[in-house]
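# Examination of the molecular architecture
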Amino acid sequence: MQLLNDKTNNALKPLLINDIQNILSSNLNKHQASDQITNFKLRHLFEEVSKQLHFPWTAKNLAQRMHCAVPSLHRYCQKEFNTSPMQYVMALRINRARILLTETNWTLDVIATQLGYANGLSFSKAFKKVKV
């Protein structure tokens, strides 16, 4: 930075500016690649979750599967899905419930069990909390 402010070395300024731009651009590309990898891992994680909605998911075991800390997982989900990890799991369950309710003749208790709820009553309460 001192060289940029130096009044006597005007010939070096364009080269220094070019080098600084290259460094900044390189770091931005690294962060973008890192974000893409994280987003891919996150989407893969929730694809697995959607196949196992009956499992009693917690933020802790989701973070463990993602190989990150719970606050990091929360931040990734907020950035990618605009919601918390557990709210996203709940949304996956409710969306699956809508499909099962319309396409099967299963009882509420059977659907609740398929989605990880203890019974039809607990599932019904969760379903009612969701804003349609």
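Just above sits the structure.
Please read these numbers as outputs of a predicted model, since none were measured by experiment.

## Some remarks on helix H4 (residues 70-81)
Taking 1.5 Å per residue, 12 residues should reach 16 Å; H4 reaches 16 Å between its end C-alpha atoms and fits that length. Within the sequence span of H4, burial applies to Ser72, Leu73, Cys77 and Phe81. Taken down its axis, H4 places every buried residue within 135 degrees of arc, on the same side. Within H4, the exposed residues directed more than 90 degrees away from the buried face are Pro71 and Lys79. Of the residues trailing H4, Asn82 is marked for its positive phi of about 65 degrees.

## Concerning unusual backbone geometry
We note that His67 has phi near 60 degrees; this positive angle belongs to a residue other than glycine. Mapped onto the elements of the fold, His67 is located in the loop between helix H3 (59-66) and H4. Judged by its relative accessible area of 72%, His67 falls in the exposed class.

## Some thoughts on the nonpolar core
Among the nonpolar cores identified, the biggest contains 24 residues, and Phe46, Val49, Leu62, Leu73, Leu115 and Phe123 are the most heavily contacted of them. Elements with a minimum of two residues in this core: helix H2 (13-51), H3, H4, helix H5 (85-103), helix H6 (108-114) and helix H7 (120-129). In terms of residue count, the dominant contributor to this core is H5 (5 residues).

## A short note on the pattern of salt bridges
This model, assessed by the stated rule, comprises 2 salt bridges. Glu80 is paired through a salt bridge with Arg43; the nearest N and O atoms lie 2.5 Å apart. Here Arg43 lies in helix H2 and Glu80 lies in helix H4, a separation of 37 residues in the sequence. In this structure Glu80 comes out as partly exposed when scored by relative accessible area, which is 23%. For the salt bridge of Glu48 with Lys51, the shortest nitrogen-to-oxygen distance reads 3.8 Å. In this pair, Glu48 and Lys51 are both assigned in helix H2, 3 residues apart and thus about one turn of the helix distant.

What counts as what
Residues numbered from 1 in each chain as written. Predicted model: local features only at pLDDT ≥ 70, side-chain atom pairs only at ≥ 80, totals over all residues. Heavy atoms only, no water. Helix = DSSP H or I, 4+ residues; strand = E, 2+ residues; numbered from the N terminus. Expected span 1.5 Å × (residues − 1). Buried < 20%, exposed > 50% of the residue type's maximum accessible area, 1.4 Å probe, protein only. Arc of directions from axis to C-beta. Core = buried A, V, L, I, M, F, W, Y, C linked by side-chain atoms within 4.5 Å. Salt bridge = Lys/Arg side-chain N within 4 Å of Asp/Glu carboxyl O.

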